[in-house]
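Examination of the molecular architecture
Listed below, chain by chain, are the residues.
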Amino acid sequence: MFRLYFIILLVCSAMAATAQQDARITGRFENIDAASFFKQIESTSPYYFYYDAAQLKDVRVQLSVSNQPIQKVLEQAFAGTDIKFAIDAQNRVFISRKVAVSTTLPAGYFSNTASDVEEQKIALQTAGERPVNKVSSEVKTYEIGVKSNQSTDKNIIITGYVRNERSGEPVINAVVFADQLNVGVQTDQYGYYRLNLPPGSYTINVQGIGMKDSKYNVVVYGPGQMDIDLKEQINVLKTVVVSAQKVANLKQVQLGVERLNMDAIRRVPTVFGEADVMRVVLTLPGVKTVGEASTGFNVRGGSADQNLVLMNGATIYNPSHFFGMFSAFNPELVKDIELYKSSIPAKYGGRLSSVLDINLKEGNKKNVTGSAGIGLVTGRFNIEGPLAKNKTSFVAGARSTYANWLLKLLPTPYDRSEANFYDANLSIHHQANNKNNFYLNAYTSEDKFNLASDTTYGYSNQNFNINWKHNFSSKLLAVFSTGIDKYQYRVHSDKNVVNAYTLDFGIDQYNFKTDFSYFLNLDHTLDFGLSTIRYKLTPGSFQPLGDESLVVPDIVPAEQAQESALYLSEKFNVSPDLSITGGVRYSFFNYLGPGTVNYYAAGLPKDENNVVESKNYAAGNVINTYHGPEFRLAARYSVTPSFSVKAGYNSLRQYIHMLSNTTAIAPTDIWKLSDPNIRPQQGDQVSLGLYKNLKENTIETSVEVYYKKIKDYLDYKPGANLVLNHHVETDVVSTRGKAYGAEVSIKKTTGKLNGWLSYTYSRILLQMDDSTIGNPVNGGNWYPANYDKPHDLTAVLNFKVNHRFSLSLNTTYSTGRPITLPIGRFYYGGSQRVLYSDRNAYRIPDYFRADFSMNIDGNYKVNQRTHNSWTLGVYNLTGRKNPFSVYYVSENGNVNGYRLSIFGSAIPFINFNIHF
Amino acid sequence: MNKLLPIFVLLLLAGCKDRYDLVLKPSDTSLLVVEGALDAGNGPTTIRLSKTLKVNESLAFSPELNARVTVEGQDGSSYTLSPSGLGRYFNSHLGLTTGQEYRLRIKTADNKEYLSDFVRALPTPAIDSVNWHKTEDGLMVYVNTHDPAQSSRYYKWDFDETWEIRSYYASDFEYVGGTEIVYHPMYRFRCWKYGISQTINIGSSAKLAEDKINEAPVLLIPFGSEKLSVRYSMLLKQQALTKQAYEYFQLMKKNTETLGTIFDPQPSELKGNIHCVTNPAEGVIGYLTAAEFTQKRIFITAQDLNWSYQQACYYERVKNNPDSIRAWVPSYLPFGGEEIAPGVVTYYYMAPAACVDCTKRGGDLNMPSYW
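First, a word on what this report is: a plain description of the structure on this page.

What counts, and where the lines are drawn
- Residues numbered from 1 in each chain as written.
- Chains lettered and ligands numbered in written order.
- Predicted model: local features only at pLDDT ≥ 70, side-chain atom pairs only at ≥ 80, totals over all residues.
- Heavy atoms only, no water.
- Helix = DSSP H or I, 4+ residues; strand = E, 2+ residues; numbered from the N terminus.
- Buried < 20%, exposed > 50% of the residue type's maximum accessible area, 1.4 Å probe, protein only.
- Contact = heavy atoms within 4.5 Å.
- Areas by Shrake-Rupley, 256 points an atom, 1.4 Å probe, with all protein chains shown as cover.
- Lys, Arg positive; Asp, Glu negative; His and termini not counted.
- Charge placed at Lys NZ, Arg CZ, Asp CG, Glu CD.
- Expected span 1.5 Å × (residues − 1).
- Patch = residues over 30% accessible without salt bridge, like charges linked within 9 Å, V, L, I, M, F, W, Y side chains within 5 Å.
- Salt bridge = Lys/Arg side-chain N within 4 Å of Asp/Glu carboxyl O.
- Core = buried A, V, L, I, M, F, W, Y, C linked by side-chain atoms within 4.5 Å.
- Polar contact = N/O pair within 3.5 Å; in protein donor to acceptor, adjacent residues only side chain to side chain.
- Disulfide = S-S within 2.5 Å.
- Pairing = 2+ DSSP bridges.
- Axes fitted to C-alpha atoms, helices over the stretch in contact; angles between N-to-C directions.
- Arc of directions from axis to C-beta.
- Phe/Tyr/Trp six-rings, centres within 6.5 Å; stacked < 30°, edge-to-face > 60°.
- Lys NZ or Arg CZ within 6 Å of the ring centre and 35° of its normal.

Turning to the overall build of chain B, a few remarks are in order. Helices and strands together make up the secondary structure of chain B, namely four helices and 27 strands. Oriented by its inertia axes, the alpha-carbon framework of chain B measures out at about 80 × 60 × 50 Å. Within chain B, buried positions represent 51% of all 371 residues. Residue pairs in contact within chain B that sit at least 24 positions apart in sequence constitute 67% of those at least 6 positions apart. When the accessible surface of chain B is totalled, it reaches about 17,400 Å², and 50% of it is carbon and sulfur. Taking the average location of the 37 positive side-chain charges in chain B and that of its 41 negative ones, the two points are 2 Å from each other.

Okay, structure coming up:
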């Protein structure tokens, strides 16, 4: 049918072209719009124009003619445009764009048909492979959609990937911004963006971290794909470009989101000179740590287990190496990080305080490149490149330590210490076609150490996942993911053959999730999806080691559970100034058999004497279920283009808990699932923020305040035993918490001198409100948590002396953390001993540290095969002995007070990196 | 660079630990401390009562004097412990029966009454052996025991120790006083010193297939210690504990002895089995236990060990005239001399008192009966 109409159409056009009249036109047209132009001609000639005003609204005419035929006049007027015309015998002029499809046949007869034809044409094109614009030149003008069929829809969707032109890797969090409308979006973790625009001509501005800011001229006729290849800032490894979010901080609806790319991370000096993701996270406002030997971090009063740490979607249970001195993420492979402190998107759940999302590189799709680095304690090697050019890429990296030779240099007894760790990553990305992308990620890490004792500790993470990203249409996008996350530790001791043992703990987690994004129209975007996690925990397996061991195997039975969630969230742009995101996540938790559960008498303390029933459950039986809604609401109002106000409310639930009665995360901390005796933790947070950009968005300032309530947080009874405890509920106490604070931050993102300054005031107080606890901590009154550090001032400054040399200074001050100190002393067992009472009633002295580093780069010759760089610096420049703890201990009959500092002096470091 | 490395790695891994005292808030807390166990065997029972002190108080010990201390049996029996000074309450032989339950009642001079829970008098198996090994850090003394009945499972050990010391210089002279020095061969050359365990030593076989304790460490004598300069003896006493008592002592040990690592647990309150009847809110430190004690004595001789105890000593030649002698004694003491004729000394050899007189090193001149 289509074919027939099309032929008729062509025939008619040809006929029309022959039917011309000979009236002449004279006139001057000074930059007037098309409609006025046609009116003027109509008033002085027999011609009558037929056109769609909307199609021509951006057309201006600048012309001076004298006694010309109508064809000449129109040709001149629309020279260089796509406007076509046809004139019929009745002196009717039909104006259209692109193809001279306008007919000389009676307009009423054919006009509808013609438009039908074209709709079918579009439909045909979209059903097949839609033409993809590959955008990389700033001079050309690109057309999106089909010119001849200008959509009347005011809401055209343009999608595409923003990639690095050199490597083909996606550029995450790049801002794609239409200047004329002040409308912008950010690319997602795959570099994918979706922009809604009415038809018209635009200048599309694209800013990506480390990439050259680029502008493209685009004419939008209809929906289409536009992939953008960005050029790298040629000295990308060296400069200090943090420009990607120039406006993002004002435009995004979310509060409490921090984004950093690897270049910013690399600048912050760390103890051994190796860039470290977690150390930099600790410099962000609202993030604290109990001390230097811990990569556990506390976000807005949350405990360390309330952070969901994701690396390319894989949950990392222990993100540290080497007593917490290093984080588990190979810095050469990390592309960027996002930390959600307040507005946690509805697609995330399962932890109360924050989500730390670490994105790894996708791999160079064009050339094989890599890097190698060597520092005092670690060496690393990374390689990336195409497996199939422009389609499939891989990244692989490995890191290992050779610290043992250093430990041998220590005086006795520490020279008998041993410590080893390694980690390895592999990621593969395959772009099957424009609609289907596949991502595979694998990670493994292992730590082993022995601190001059007969006990050896080891732990490891293993993660594997596959993601399939599919575009159903330009409006509907989905990501399907499945994977396995494992964490386990082993402690063993073999010196005393009779008591020799191994102690194992493990978490296996099987995930499946799917996330959908649906762009309803310019003002409404829907995100929805579901996720499910199957947990299998081995809470403790104590086994004899060797033939002579008399150890009786003691195995705490495995626990299993299913945690599932459905979510739906909508982003609604009420007006250009007001945006609202509303989300609901409904989570279900089923604690599953096989297992034995003790039930305790109501109203009595949970202890072994009050067990009323001990019930066995068969495999697969649902022992109990918790479920409930979680709300994620945020609103942003732009008061002026450079000033926004945001507010948010978030609630979250957590079903898996880390049990630790040590201050720092210890390698023997275990995790426990919620069960009939241990309720899920719940958190509610309200927050309010003010954001103001100064000096053309080069300085970003913000103030955020929050108040948070935590329910059923787990604290511990005095002397709690958490390892190999078959009824751990008798040793933990459900506690409630309240946290509040304010975060002030000033960021300068560009220029020779850049960096950020942040001040945080925050409190976290706990209270054992369980009436069945006979002897609550601090008599049931509020007490500060271990990581309650009210004041924190951090400055990270970078100064770029020239392209090859830059200086960085990181200074931080914070209130000392609370500790429990003795209230008295007594003599017992041949020695003076100390007596403790109220928990966390004292504080260790305040913390202050300044670190300094210099980054020296080799030359910048683009064609050179390798590029190298040095990092030199000093950690703890002032040599201040910052106490990690202050404690009193009985020695030789007396009580002595000590201060333990992890770094008691200034520590120089050096690091060498080579890129090829 | 290579020279720097060990230094900062040391700082890093050994941590940087130095003496430090925070200003502690003054506290009025003064709790009763009850230390001791009821001996259900043939030995004496001593209960020691004291009060807790402020951490930075100079007083070392505040004994609770003039209390009335009685042991009550569940069978209605009653035994009295009589004060024997320094807060000690003593009974040479209570004559308790193992398997029976007993409790302790204390009435202090300020009319407060304290009462323990009933505790069962436990039988204790014999100590199999006490042995030692040289380790990288010194000499480690271990205990080995087992319970054929497989019922003890939790153990506590305390010890009395004795070691002989000898003066660096065997003296032929005794400084009597003033400037008078008399001939006295082997004057104050051998002494004996006494000590008690200063750590809480507990062990458990609860996780083992047999009730067997294999080489549980009870004492580390660091290299170069005076204790092994000549000969050392330990009388190790063993008692069986209940699980609750074991947990109490384990917590006390964690709170007071093993802090100072990166992964320290939180110190926490101790809750024992003794309560204040007069004021139930008042805490009491201590855990009453009752058991038959078993014991074993061992000797370790320095010659067998290649031990390297070094006392830093030197001597001066001092002319034998009152003025010269007065200038040196009593911080220096004579141990030898230069004689021009029998009994005619021209010069004395004098060394710091601790090098000559073993009592100046805290020794006791009486040889113990078991030596």
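What follows concerns helix 2 (residues 243–256) of chain B. Relative to the 20 Å expected for 14 residues at 1.5 Å per residue, helix 2 of chain B spans 20 Å between its end C-alpha atoms, a close match to the ideal helical length. Of all the residues in helix 2 of chain B, the buried ones are Ala245, Tyr246, Tyr248, Phe249, Leu251, Met252, Asn255 and Thr256 of chain B.

Attention now moves to a nonpolar patch on the surface. All names here are of chain A. Together, Leu753, Leu797, Phe799, Val801, Leu809 and Leu877 make up a nonpolar patch on the protein surface, roughly 450 Å² of accessible area in all. The element that contributes the greatest number of residues to the nonpolar patch is strand 47 (residues 791–802), accounting for three residues. Within the secondary structure, Leu877 is located in the loop between strand 54 (867–875) and strand 55 (883–891).

A few words on the nonpolar core. Residues and elements named next belong to chain A. Phe322, Tyr535, Leu659, Trp671 and Leu673 are the most contacted members of the largest nonpolar core, which totals 73 residues. No other element matches the five residues that strand 55 contributes to this core. If you look at the next biggest cluster of nonpolar residues, it comprises 31 residues, including Val280, Val309, Leu360 and Tyr443.

On to the side chain of Asp357 of chain A, then. Residue and element names in this part refer to chain A. Structurally, Asp357 can be placed in strand 23 (residues 354–360). For Asp357, which is buried and forms no salt bridge, the nearest opposite charge comes from Lys347, at a distance of 6.2 Å. In this structure the side chain of Asp357 is engaged in a polar contact, spanning 2.8 Å, whose partner is the side chain of Tyr348. Setting aside its immediate chain neighbours within four residues, Asp357 contacts Leu310, Asp336, Ile337, Glu338 and Tyr348.

Quick look at the state of the cysteines now. Residue and element names in this part refer to chain B. Overall, the coordinates contain two disulfides over all chains when judged by the stated rule. Across the disulfide, Cys191 is cross-linked to Cys358 (sulfur-sulfur distance 1.8 Å). Taking the torsion about the sulfur-sulfur bond, which here is approximately 70 degrees, the covalent link between Cys191 and Cys358 counts as right-handed. Placement of Cys191 in strand 17 (residues 190–196) and of Cys358 in the segment after helix 4 (353–356) is noted, with a sequence separation of 167 residues between them. Given a relative accessible area of 0%, Cys358 falls into the buried group. With a sulfur-sulfur separation of 1.8 Å, Cys313 is cross-linked through a disulfide to Cys355. Since a negative S-S torsion denotes a left-handed disulfide, the Cys313-Cys355 link at about -90 degrees is left-handed. In this pair, Cys313 is assigned in the loop between strand 24 (294–301) and strand 25 (316–319) and Cys355 in helix 4, connecting sequence segments 42 residues apart. Under the relative-accessibility criterion, Cys313 is labelled buried at 16%. Sequence-ordered numbering of the disulfide-bonded cysteines in chain B gives the connectivity 1-4, 2-3.

The next subject is the sheet that holds strand 25 of chain B. Residues and elements named next belong to chain B. With antiparallel pairing, the three strands of this open sheet are ordered in space as 25-27-26. Two strands in the sheet have a free side with no partner beyond their single neighbour: strand 25 and strand 26 (332–341). For this sheet, the mean angle separating the axes of adjacent strands, direction not counted, is 30 degrees. Of the pairings in the sheet, the one linking strand 26 to strand 27 (residues 344–352) comprises eight bridges and is antiparallel in character.

Scanning the model with the defined rule gives 41 salt bridges over all chains in all. The salt bridge involving Glu101 of chain B is made with Arg120 of chain B; its shortest N-O contact spans 3.0 Å. Note that Glu101 of chain B is positioned in strand 9 (residues 101–107) and Arg120 of chain B in strand 11 (residues 119–120), a separation of 19 residues in sequence. Several salt bridges share partner residues, and in doing so they unite Glu258, Arg300, Lys341, Glu704, Glu743 and Lys747 of chain A into one network.

Residue Pro594 of chain A is reached from Gly593 of chain A by a cis peptide bond, and omega for that bond is 5 degrees. Mapped onto the elements, Pro594 of chain A comes out in the loop between strand 35 (578–592) and strand 36 (595–600). Residue Val329 of chain B is joined to Pro330 of chain B through a cis peptide bond whose omega torsion reads 0 degrees. Within the element layout of this structure, Pro330 of chain B appears in the loop between helix 3 (322–328) and strand 26. A positive phi angle, close to 55 degrees, is found at Asn840 of chain A, a residue other than glycine. Tracing the chain through its elements places Asn840 of chain A in the loop between strand 51 (831–836) and strand 52 (842–843). A positive phi angle, near 65 degrees, is found at Arg153 of chain B, a position not held by glycine. Tracing the backbone shows Arg153 of chain B in the loop between strand 13 (138–146) and strand 14 (154–166).

Turning our eyes to something else, we now look at the sheet that holds strand 12 (residues 127–134) of chain B. Residue and element names in this part refer to chain B. Read across the open sheet, the three strands follow the order 12-13-19; overall the sheet is antiparallel. Only two strands of the sheet have a single partner each, and these edge strands are strand 12 and strand 19 (212–222). Averaged over all pairs of adjacent strands, the angle between strand axes in this sheet comes to 20 degrees, irrespective of strand direction. Looking at chain direction, strand 12 and strand 13 are connected through seven bridges and run antiparallel. The residue bridging Ser129 from the neighbouring strand is Asn144, located in strand 13.

All names here are of chain A. Counting through the fold element by element, Ile907 comes out in strand 57 (residues 907–915). By relative accessible area, which is 1% here, Ile907 ends up buried. Between the C-alpha atoms of Ile907 and Tyr340, which are 567 residues apart in sequence, the distance is 32 Å.

Attention now goes to helix 2 (residues 34–44) of chain A. All names here are of chain A. What helix 2 keeps buried is the set Ala34, Phe37, Phe38 and Ile41. Mapping the buried residues of helix 2 onto a view down its axis gives an arc of 95 degrees, with all of them on the same face. Across helix 2 from its buried face, at more than 90 degrees, point the exposed residues Lys39 and Ser43. Each element contacted by the buried residues of helix 2 is listed here: strand 1 (24–33), strand 2 (48–50), strand 3 (60–69), helix 3 (70–77) and strand 5 (92–97).

Once that is clear, we can look at the packing of aromatic side chains. Counted according to the given criterion, the structure contains 51 aromatic pairs over all chains. Considering the side-chain rings of Trp192 of chain B and Trp371 of chain B, the 6.3 Å spacing of their centres and the 75 degrees angle between planes classify their relative orientation as edge-to-face. Here Trp192 of chain B is found in strand 17, whereas its partner Trp371 of chain B is found in the segment after helix 4, with 179 residues between them in sequence. Residue Trp192 of chain B is classed as buried on the basis of its relative accessible area of 3%. Among the aromatic residues, those joined into a ring-pair cluster are Phe29, Phe37, Phe38, Phe49, Tyr51 and Phe78 of chain A. Over the aromatic face of Trp782 of chain A sits the side chain of Lys738 of chain A, whose NZ or CZ is 4.4 Å from the ring centroid. Lying across the ring of Tyr847 of chain A, Lys789 of chain A places its NZ or CZ 5.8 Å from the centre.

Its location among the elements puts Asn214 of chain B in strand 19. The buried category is assigned to Asn214 of chain B, whose relative accessible area is 14%. Side chain to side chain, Asn214 of chain B and Asn496 of chain A meet in a polar contact 2.4 Å long. Not counting chain neighbours up to four residues away, the residues in contact with Asn214 of chain B comprise Asn496, Val498 and Asn499 of chain A together with Val143 and Asn144 of chain B.

In this section: the environment of Ile228 of chain A. Relative to the assigned elements, Ile228 of chain A resides in strand 14 (residues 224–230). Separated by 14 residues in the primary sequence, Ile228 of chain A and Ser214 of chain A have C-alpha atoms spaced 9.7 Å apart.

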